[in-house]
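Now for the letters of each chain:
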Amino acid sequence: MSQKDNTIYITTPIYYVNDVAHIGHAYTTIIADTLARHARLTGNKTFFLTGTDEHGQKIETSAAARGKTPKEYADEVSGKFRQLWDDFDITYDKFIRTTDEEHKTGVQKAFQKMFDKGDIYKGNYEGNYCVSCETFYTDAQLLDNAGCPDCGKTTTIVKEESYFFALSKYEDKLLKLYEENPSFILPKAKAKEIVNFVSSGLNDLSISRTSFDWGVKLPSSMNDDKHVMYVWLDALLNYITALGYGNDDKNMEFWPANIQLVGKDILRFHAIFWPAFLMSLDLPMPKHIAAHGWWTRDGEKMSKSKGNVVDPKEIADAYGLDAFRYFMLREVPFGQDGDFSQRALMDRINSDLGNDLGNLLNRIIGMSGKYFDYKITSKDVEKFHKKELDEINTLLDGSEEFFYNLQINRFLEEIWKVLTIGNKAIGDYEPWNLMKDGKTDEAMALVALIVNIMAKVSVLLKSVMPHKVSEIESSLGMIVNTESYNKLIKEKELFSETTITKIDALFPRIEEELIAIAESTSTVTESSAPKQICKNEEKIKIEALEDEANLVTIDKFFETTLKIGTIVEAEEVPKSSKLLRLQVDLGEGRNRQILAGIKEYYSAESLIGTQACVVANLKPAKLMGMESEGMLLAAKDENGLHLLRPEAPKKSGTKVS
Ligand code: MSP
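Criteria and thresholds
Residues numbered from 1 in each chain as written. Predicted model: local features only at pLDDT ≥ 70, side-chain atom pairs only at ≥ 80, totals over all residues. Heavy atoms only, no water. Helix = DSSP H or I, 4+ residues; strand = E, 2+ residues; numbered from the N terminus. Buried < 20%, exposed > 50% of the residue type's maximum accessible area, 1.4 Å probe, protein only. Contact = heavy atoms within 4.5 Å. Areas by Shrake-Rupley, 256 points an atom, 1.4 Å probe, with all protein chains shown as cover. Lys, Arg positive; Asp, Glu negative; His and termini not counted. Charge placed at Lys NZ, Arg CZ, Asp CG, Glu CD. Pairing = 2+ DSSP bridges. Axes fitted to C-alpha atoms, helices over the stretch in contact; angles between N-to-C directions. 1 Å grid on protein atoms, 1.4 Å probe; cavity = no way out; pocket = protein on both sides within 12 Å on 5 of 7 lines; lining within 4 Å. Points joined across faces, edges and corners; volume = space filled by probe spheres on them. Nonpolar A, V, L, I, M, F, W, Y, C, P; charged D, E, K, R; others polar. Salt bridge = Lys/Arg side-chain N within 4 Å of Asp/Glu carboxyl O. Core = buried A, V, L, I, M, F, W, Y, C linked by side-chain atoms within 4.5 Å. Near = heavy atom within 4 Å. Polar contact = N/O pair within 3.5 Å; in protein donor to acceptor, adjacent residues only side chain to side chain. Sits in = over half its atoms within 2 Å of the grid points. Left-handed = near helix turned anticlockwise from the far one by under 90°. Phe/Tyr/Trp six-rings, centres within 6.5 Å; stacked < 30°, edge-to-face > 60°.

> What is the right way to look at the overall build of the chain in this model?
Helix and strand counts for the chain come out as 22 helices and 28 strands. Projected onto its principal axes, the C-alpha coordinates of the chain cover approximately 85 × 75 × 40 Å. Per-residue burial over the chain gives 54% buried out of 657 residues. Across the chain, every contact between residues at least 6 apart in sequence was considered, and the portion connecting residues at least 24 apart equals 74%. Accessible surface for the chain amounts to roughly 28,900 Å². Of this, 49% is attributable to carbon and sulfur atoms. Of the charged side chains in the chain, 80 are positive and 100 negative; the average position of the first set lies 1 Å away from that of the second.

What follows is the structure, encoded as structure tokens:
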């Protein structure tokens, strides 16, 4: 993809409706959304497709297990995917469902065309099938004679009449495609696996099933009602039926796709079957099939069946949608796996977003207000800061290349280098001293340099963090659109004049204690949602600052009730590396459940029967779905963590004062 293509077509895989959306799904969709937004910003006519994959044996079985018809079930889950993408402000141009009538007709037309071409024939299939992956495997591919090589589940033997697609016929053509288009498969390193697979010989592909019903029927001209199409044939064709293939061809001008994003587990379908189907249909090849890695928890692929999924909505609600987008795109190089951790996310928020980006905007607001009544002109920037401008322009120029090669993490790194130049320039030129020395023009040039840095960076960050950049735009008095992209990035122009507006901190800091709480939970919970806590923390901090010497009155101190508690029960919280679940007697006639992040320092057993000092009037909070009704006091330094305890045993519930 480049800014010179003038129609851009970007697709995500269509998601199976038997799973809840998790951050793995959100990842693909966020990358695609970022690419689509950037394509539009750079002036390209863009079509961005996503949707749901609703047919097949897996969905039929999942629906039956819930006492629903497949369609009812598909409606429900497809609706949830769509709602999630709407909540995430995903700018898809079409959300396709494989149960859409136009899709089904389009698929039948394609089947007919492949048949007429002589690429489809009828036969009998006997072999192994994994319902979970909806994939056929040869005996040699199986693990221990029965296990699916992709998901490990037990495969079943399928023995039925079937139509076949003559995939073997396309072996040489596929190899030629890979050879002549070295960036057809991205990252290029992944192409090797595919080339090896194809070179080792392709079997014809079974493309219809008779043992269940939930799929697209064959075209009526085939007069063969008992077959439904193989779900992968049906699903892959969505990329063209969504453009009107086999119907009105309305948007076929967008074909071939520029980038088809897929996870590495489904690269084979997209890099082998899909181009072969397209060759059979005499359609041009997509420019890139780009395969990303997996988001894992503790090294294992996230999936509902493993029970280790992270809900993207919870994360976005807790940390902010744009911070989540930034994290996903910045943290892991495209193509590689990444283990999801809230600590890493919070570190990115505090460091990259809070310190480097948010703080630079704060400094603009502060300096422009204090020295220039918020009115900024760029008239002397060239004169005083030619060197910085050249550096910035070179970095920004080069950064887009990374973007188009899907090295979005590198693209962001380049942008951050520009922010570093801005932050450093303030320290180097000390505008406060320039003002003191009466060098107002120089101080103005410096502040304007920083404003220009922020403006240029905003243009390029708009597709990554559209909402936060809107806030920056309103502060800088600018609009990011194709015109400003052309002026500030392509033409390397500067802002002429602008008035800065004060806005709230873009990324309020998340405090270390909150990071520790969240780290000890395996998924985000309401109580570990730093956004809410953060606001309170901010409030507490501001109140403390207003109190000049940062002192509290005795009354204020005693708003906290401290009591001695006796730990009567203690056990480890499964899946948490930090938490112990304690039952603590505070002399109230019932024990309180307290979750304490001390597992690394105390074994559960060693705590039973001991006492500790407890904050007894803390608002209950949920950690990993369990209520915690208090907090133990502890002190931590380089020698470890120790609970605060009475010197001699005290009655449970004794007040500490
Ligand atoms: N329905 C098929 C795709 C058909 S496309 C014509 C399918 N659906 S899926 O819901 O199982 O997966 C959709 C996408 O989500 C795949 O690209 C898959 O790689 C991706 N992910 C599922 N789990 C993932 C992670 N844990 N991490 C990153 N992406 C992963 O396959």
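Still more to cover.
> Is there a simple way to think about the sheet that holds strand β6 (residues 135-137) in this case?
Note on sheets: strands pair through backbone hydrogen bonds, and any given pair is parallel or antiparallel. Within the open sheet, the 4 strands sit side by side as β6-β5-β7-β9. Their pairing is antiparallel. Across the chains shown, the open sheet's two edge strands, defined by having one partner strand only, are β6 and β9 (205-206). Seen against the sheet, helix α9 (residues 267-280) touches β6, β7 (156-165) and β9 and runs at an angle of roughly 30° to β7.

> For this particular structure, what's the right way to read empty space enclosed by the protein?
Scanning the model with the defined rule gives 1 cavity of 30 Å³ or more in all. As for the largest cavity, its lining consists of Tyr27, Ile31, Met328, Leu329, Val332, Pro333, Phe334, Leu406, Ile408 and Asn409. Only α1 (23-41), α11 (321-331) and α14 (408-429) provide two or more residues apiece to the lining of the largest cavity. Across the lining of the largest cavity, the residue classes tally to 9 nonpolar, 1 polar and no charged.

> Please explain the sheet that holds strand β15 (residues 300-301) as it appears in this structure.
The 3 strands lie next to each other as β15-β14-β16, forming an open sheet whose pairing is mixed. Every interior strand has two partners, whereas the edge strands, β15 and β16 (338-339), have only one.

> When you look at the pattern of salt bridges in this model, what are you seeing that I'm missing?
Note that side chains of opposite charge can pair when their charged atoms are close. The full count for this structure, using the stated rule, is 44 salt bridges. In this structure, the salt-bridge partner of arginine 37 is aspartate 33, at a minimum N-O distance of 2.8 Å. Here arginine 37 and its partner aspartate 33 are both found in helix α1, 4 residues apart, which amounts to about one turn of the helix. Judged by relative accessible area, aspartate 33 falls into the buried class, the value being 0%. Across the pair arginine 268 and aspartate 150 runs a salt bridge whose closest N-O atoms are separated by 3.5 Å. Separated by 118 residues along the polypeptide, arginine 268 in helix α9 and aspartate 150 in the loop between β6 and β7 bring together distant segments of the chain. Its relative accessible area of 25% is what places arginine 268 among the partly exposed residues. A cluster of three or more residues bridged by salt bridges with shared partners is formed by Arg330, Arg410, Glu413, Glu414 and Lys417.

> For this particular structure, what's the right way to read the nonpolar core?
Side chains of a nonpolar character, in soluble globular proteins, are inclined to be buried together. In terms of nonpolar packing, the biggest core is built from 181 residues, with Trp255 and Leu357 touching the most fellow members. Those residues in contact with tryptophan 255 that lie beyond four places of it in its chain are Tyr9, Tyr239, Ile240, Leu243, Gln260, Trp274, Leu278, Leu283, Pro284 and Pro286. Core analysis: the next-biggest nonpolar cluster, separate from the first, contains 18 residues, Leu586, Ala596, Tyr602 and Ala612 among them.

> Please clarify how the site of the ligand should be interpreted in this entry.
For the ligand, the set of nearby residues contains 24 residues, the closest of which are Ile14, Asp53, Gly263, Asp265 and Trp295. Side-chain polar atom of aspartate 53 to a nitrogen atom of the ligand: 2.7 Å apart, as the coordinates give it. The backbone of methionine 302 places a nitrogen or oxygen atom 3.4 Å from a nitrogen atom of the ligand. Calculation on the ligand without its partners gives an accessible area of 660 Å², and the protein chains cover 95% of this total. According to the grid-proximity analysis, the pocket containing the ligand is the second largest pocket. At 3 residues, the largest contribution of residues to the shell around the ligand is made by helix α7 (residues 231-236). Split by residue class, the shell around the ligand holds 13 nonpolar, 8 polar and 3 charged.

> Would you mind going over the layout of surface pockets with me for this structure?
Remark: the empty space left among the atoms is shown by a probe the size of a water molecule rolled over them. Estimates place the volume of the second largest pocket at around 1,100 Å³. Lining of the second largest pocket is provided by 40 residues; of these, Tyr16, Asp19, Lys58, Asp265 and Lys301 occupy positions nearest its centre. Breaking the lining of the second largest pocket down by element, the ones donating at least two residues are β2 (15-16), α1, β6, α7 and α9. Of all the elements, α1 adds the most residues to the lining of the second largest pocket, at 4 residues. Its residues assigned to classes, the lining of the second largest pocket comprises 18 nonpolar, 13 polar and 9 charged.

> What exactly am I supposed to notice about the packing of helix α12 (residues 342-372) against helix α16 (residues 440-461) here?
The axes of two packed helices give the description: the angle between them and the distance between them. α16 packs onto α12 with a crossing angle of 145° between their chain directions and a minimal axis gap of 10 Å. Here the hand of the crossing between α12 and α16 comes out left-handed. Where α12 approaches α16, its residues Leu357, Leu360, Leu361, Ile364, Met367, Ser368 and Phe372 are matched on the opposing element by Thr440, Ala443, Met444, Val447, Ile450, Val451, Ile453, Met454, Val457 and Leu461. Broken down by class, the residue content of the contact of α12 with α16 amounts to 15 nonpolar, 2 polar and no charged.

> Please explain the packing of aromatic side chains as it appears in this structure.
Centre distance and the angle of the planes are the two values used to describe a pair of aromatic rings. Under the defined criterion, the tally for this structure stands at 30 aromatic pairs. With a centroid separation of 5.3 Å and an interplanar angle of 40°, the aromatic rings of phenylalanine 47 and phenylalanine 254 are classed as tilted. Taken together, the residues span a long stretch of sequence, with phenylalanine 47 in strand β3 (residues 45-53) and phenylalanine 254 in the loop between α8 (238-241) and β12 (259-263) at a distance of 207 residues. The exposure class assigned to phenylalanine 47 is buried, which follows from its relative accessible area of 7%. By relative accessible area, phenylalanine 254 is classed as buried at 4%. Seen in terms of ring centroids, phenylalanine 165 and phenylalanine 277 are 5.0 Å apart; in terms of plane orientation they differ by 80°. Their pairing is edge-to-face. Pair noted here: phenylalanine 165 is in strand β7 and phenylalanine 277 is in helix α9, with a separation of 112 residues, a long-range link. Per residue, the accessibility class of phenylalanine 165 equals that of phenylalanine 277, and both read buried. In textbook terms, an aromatic cluster arises when at least three aromatic residues are bridged by ring pairs, as seen for Tyr9, Phe47, Tyr239, Phe254, Trp255 and Trp274.

> Honestly, helix α17 (residues 466-476) in this entry has me stumped. Any pointers?
For α17, every residue scored as buried is listed here: Pro466, Val469, Ile472, Glu473, Ser475 and Leu476. Considering only its buried residues, α17 is in contact with α1, α11, α12, α16 and β18 (497-499). Just downstream of α17 lies glycine 477, where phi reads positive at about 70°.

Read these as layout, nothing more, since geometry by itself doesn't imply function.
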